[in-house]
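Single-letter residue listing:
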Amino acid sequence: MSKLKVYYGWSKIGNVRKKRSLSVMFENDAQGCRSERGQRCLKTIQDTVFERFQDEEEEKQGKFQDRIFTEYSLFLDEKPINGSLERCLLINSEADKNHVSKAMRERISEALRNAFMLANPGYKEPNGQLELKFG
């Protein structure tokens, strides 16, 4: 089993970050990531709501990195998400489907949804345009 973790959360808005985003942080080196400095860095970047261990394939990719964390972000207010929390969670779940079980992906989505709704109590899904799918 892998020793490296993946942290899911919502990015903290401040002087550096100006846009709301779902933040997925991959550890690249367990020693640096779990140190006091590494955890402090993580806490300034995102509000973590879920953690899991990386699978073997994800861990192999992390070994080649020269930084403590690798971050992937899904910006909530940009295309193709356009402010839709559900679309954001679906895209994240699809990105994880080769590495995480369906049950675990549902737990991740639920944790992210609950944290977002706590931080944004007046949020409503945007009225999307009709999507036509051919084929």
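To be clear, the structure that these remarks concern was listed above.
Residues numbered from 1 in each chain as written. Predicted model: local features only at pLDDT ≥ 70, side-chain atom pairs only at ≥ 80, totals over all residues. Heavy atoms only, no water.

Turning to the sheet that holds strand β3 (residues 46–53), a few remarks are in order. Across the sheet, which stays open at both edges, the 4 strands sit in the order β3-β1-β2-β4 with antiparallel pairing between neighbours. Pairing within the sheet leaves two strands with one partner each, and these edge strands are β3 and β4 (69–75). Ignoring which end each strand starts from, the neighbouring axes of this sheet average 20° apart. Where helix α5 (residues 102–119) meets the sheet, its contacts fall on β1 (5–11), β2 (21–27) and β3, and the angle it forms with β3 comes to roughly 170°. (Pairing = 2+ DSSP bridges. Helix = DSSP H or I, 4+ residues; strand = E, 2+ residues; numbered from the N terminus. Axes fitted to C-alpha atoms, helices over the stretch in contact; angles between N-to-C directions. Contact = heavy atoms within 4.5 Å.)

The end-to-end C-alpha separation of α5 is 26 Å, in line with the 26 Å expected for 18 residues at 1.5 Å each. By the burial criterion, the buried members of α5 are Arg 105, Ile 108, Ser 109, Ala 111, Leu 112 and Phe 116. Projected onto a plane normal to the axis of α5, the buried residues spread over an arc of 160° and lie on a single side. Turned more than 90 degrees from where α5 packs its buried face, Arg 107 and Leu 118 sit exposed. (Expected span 1.5 Å × (residues − 1). Buried < 20%, exposed > 50% of the residue type's maximum accessible area, 1.4 Å probe, protein only. Arc of directions from axis to C-beta.)

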